[in-house]
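# Descriptive analysis of the structure
Read off the chains here:
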Amino acid sequence: MATTTVPRPRTAGADAAHGAGTPPAAGRRWTVLAAAVAASWALPLLLHALGLDVVLVPVLLLATAGLIRVGGVLLDRLVAAALVLCGAVMALGLAFSLWPWGLAPVPGGGVLLTLLSVAGWLARRRPRLPLRLRGSDALVAGTVALVWHYMHHPVAGKSSPERLAYFATAEDRLGHFSYFDGIRHVGGYAFLHQEAARTYMMTPAEAVYPQGSHFLLAWLDALVTSSAGGGSALDATHRYLLYVIGAHALLCGALVWAARWIGGPRLRGWRAAAVCATVAAVAVSGPLPQLVEWGFDSEIFGLLFLAVALALLVRPAMGRAEFALAAVAGLVAVAFVYNLYGALVGIALLAALVVHRQRFAPRRRLLLGVLAAGTLVAGLPSAASVLTKLDVAKTSNLVGPMVIPDRPVFIGCGLLALVAASLPVNRRTGTGRLVLSLVLGTTAVVGGFGAWQKLTIGQYSYYFEKLTAAALVVALISVGLIGTMLPPAPETSPSKPRRQAGLLLRSGLAAAAALALFGSVQWGVPSGWGHPSAWYGTPMLKWARGEGKNDIAPAADALTGRDLAGVDPPVIALYANDSYLNLRATFLAQALTHRVGAMVGLYDVFHVKIGGPGPVDEQQYQTSLARLKTAVASCPAPPTVLVGDRGTADRLRQDLAGTAVAAVVYAPLG
């Protein structure tokens, strides 16, 4: 791909000497600050009056990008700014959770813009964006667009019940939505409003589960809807699913960008195309799309922030102030969203401080003080959960559905990264030493956790595979260092157009080769024995064909179109003799009525195998009736029981007489 020369970042001393883009003689003018602060509040007020609060998102992103000095091309600056902005929103969310305005768009937007104005004024910086682009930007953006196209395709233009079939693909998604919904209603982090939050989510999640991604999405949703309130749960489920799909697309693009960033200015031309296309191929054709299907929403966001934070720490091509800002933002974003991955950010940060100790020697105490304060903030939610209700040992060994990364891919990429980092030419560079430290440190963390699980429960379980997903991220972004080992093509063409054409041709061929080798893309060449390309059997293509949805659409249609109207929660939905369908329908009913807090006791519905048409033997009926009575007794208020079979509904009215049931309603499917 055609590239544009990326200048070496100016040192912190140079930034100070030149005022980071503002002549030193300009000084700090109070009138400038006053005008900037006034505009910081006038803009959110105007946008709110027009119902366009969502415009604050690009405004905040561009304002942040204009003030920091990271990277020499526009995409690099925007990615770094996005990490800083997300980390700031999650950290300031601690204050937003306690003030009286909650997630109201105007106060939050005004505070963020004011902080940017004051920071720019104190640093004597005028907003400045690099407008240069690199040819490989197209591969980063193309990866995001490709993933969004395939992952959004099955829900595009669908009715609400059909969309719910993709939203409610797993119980985890319903749980994550309840955290998001609860934060929208209580106006802040649930662990700071535990009593009120228990209505919206299953206890003890309000106290122990990392809520960074849910808060970030709740803040974004307040801007999208121009409202601090939660609004219709049905509409919110659709927006939430779009946010998750968008985050997954950004994760795949971030992996490509991070590998290129680690490769640095040396990674150009066809080598950049080969590296970016290789990472993209693994990301889109591997198991990562299953994270969406299985409802592992927090993990998606955690891996996204992990990839960006590690890349910026491994190659800290920035001044001391930006390094501290990126490090703190990365720690906060990763620890708030998925604290399991915080250890890897800590390893990268400590290694960066050691490797670049001479560079950071000036004002070392100030830097370490800022990093220590940022670490304390990043650890606050985790400390609160451990000191209240979280059993770390028990939680670490939980079992459940797992998305297992391809072992050969992350092991092979990791080994190649070790080879590249051990070469003399890279051992003398900070990036090479940091890649070596990160790969070895990640191996130690994953290996140690796996050994502990083997010792305690005798097998690898749920969170081990979460850690291996982080190892896959480390391996993929480390591919950038491997790319610098490829020999550059000599420039022998006499004219610039011919050189550009040759560069484009080689880059295109390199990208096509990487997609064929690592993504199973055959470019129209038929497979042997008439089998389709393995590309069409990847999890992303299966999701795009509609294979990711489940059988809850008829129940969702009944709930949204008929059964929840005028009914006070909680609701027990017995639409079938399938106990798992009854559980998911009941869970969905609580989510659509903002009452997931009732689901802890209602999990007894998982054992209720009655309610639908078809014969049921007496023993099964009596066993299910006993579990149903237990579920009814656990409800915080008398529930309404929806039954899909008339005869079963009539019998349950008699058998539940005398229990705390609001009503037993005949509610057939179809």
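Residues numbered from 1 in each chain as written. Predicted model: local features only at pLDDT ≥ 70, side-chain atom pairs only at ≥ 80, totals over all residues. Heavy atoms only, no water.

## Things to note about the overall build of the protein
Regarding its fold elements, the protein presents 30 helices and three strands. In terms of C-alpha radius of gyration, the protein reaches 27 Å, essentially the compact-globule figure of 26 Å for 670 residues. Seen along its three principal axes, the alpha-carbon backbone of the protein occupies a region of about 90 × 70 × 50 Å. Within the protein, the fraction of its 670 residues that count as buried is 53%. The contacts of the protein with a sequence gap of at least 6 include a subset with a gap of at least 24, amounting to 78%. Across the protein, 53 positive and 32 negative side-chain charges occur, with their mean positions spaced 21 Å apart. (Helix = DSSP H or I, 4+ residues; strand = E, 2+ residues; numbered from the N terminus. Rg over C-alpha atoms; globule rule 2.2 N^0.38 Å. Buried < 20%, exposed > 50% of the residue type's maximum accessible area, 1.4 Å probe, protein only. Contact = heavy atoms within 4.5 Å. Lys, Arg positive; Asp, Glu negative; His and termini not counted. Charge placed at Lys NZ, Arg CZ, Asp CG, Glu CD.)

## Some points on unusual backbone geometry
The omega torsion across T203 and P204 is 10°, close enough to zero to call that bond cis. On the secondary structure map, P204 appears in the loop between α9 (194-197) and α10 (205-208). Residues P569 and P570 are joined by a peptide bond in cis, for which omega reads 5°. Relative to the helices and strands, P570 resides in the loop between α26 (553-563) and β1 (571-574). A positive phi is found at S226, a non-glycine position, where the angle reads about 55°. Among the structural elements, S226 can be located in the loop between α11 (212-225) and α12 (233-263). Backbone geometry at S520 places phi at a positive 60°, although glycine is not the residue there. Looking at the secondary structure, you find S520 in the loop between α24 (496-519) and α25 (539-544). Its relative accessible area of 30% is what places S520 among the partly exposed residues.

## Side note on the state of the cysteines
All chains considered together, the criterion is met by zero disulfides. Among the cysteines around C413, which has no disulfide bond, C276 carries the closest sulfur, lying 14 Å off. (Disulfide = S-S within 2.5 Å.)

## What about a nonpolar patch on the surface?
A cluster of nonpolar side chains, contributed by L46, L50, L52, V54, V55 and V224, occupies part of the molecular surface with about 460 Å² of accessible area. Tracing the backbone shows V224 in helix α11. A residue is classified by how much of its surface remains accessible, and V224, at 36% relative accessible area, is partly exposed. (Patch = residues over 30% accessible without salt bridge, like charges linked within 9 Å, V, L, I, M, F, W, Y side chains within 5 Å. Areas by Shrake-Rupley, 256 points an atom, 1.4 Å probe, with all protein chains shown as cover. Salt bridge = Lys/Arg side-chain N within 4 Å of Asp/Glu carboxyl O.)

## Comments concerning the pairing of strand β3 (residues 663-666)
Sheet analysis places strand β2 (residues 640-643) next to β3, joined by four bridges and oriented parallel. Looking across to β3, one finds that L642 is bridged to V665. Handedness of the crossover joining β2 and β3 through helix α30 (residues 646-655) is recorded here as right-handed. (Pairing = 2+ DSSP bridges. Right-handed = clockwise from strand over helix to strand, strands pointing away.)

## Structural notes on the sheet that holds β1
Strands sit in the order β1-β2-β3 across an open sheet of three strands; the sheet is parallel. The open sheet is flanked by β1 and β3, the only strands paired with a single partner. Direction aside, neighbouring strands of the sheet carry axes that sit 20° apart on average. Pairing geometry for β1 and β2, over four bridges, is parallel. If you follow A573 over to β2, its bridge partner there is L642. (Axes fitted to C-alpha atoms, helices over the stretch in contact; angles between N-to-C directions.)

## Thoughts on helix α29 (residues 618-634)
For α29, spanning 17 residues, the distance from its first C-alpha to its last is 24 Å, which sits close to the expected 24 Å at 1.5 Å a residue. By the burial criterion, the buried members of α29 are Y621, S624, L625, L628, A631 and V632. All buried residues of α29 lie within an arc of 125° about the axis, which places them on one face of the element. For α29, exposure combined with an orientation more than 90 degrees from the buried face picks out Q619 and A633. As for α29, its buried residues are in contact with β1, α28 (599-602) and α30. Here α29 starts with a cap whose side-chain oxygen sits 3.2 Å from the backbone nitrogen of Q619, and that cap is D617. (Expected span 1.5 Å × (residues − 1). Arc of directions from axis to C-beta. Polar contact = N/O pair within 3.5 Å; in protein donor to acceptor, adjacent residues only side chain to side chain.)

None of the figures reported here should be taken as evidence of function without further support.
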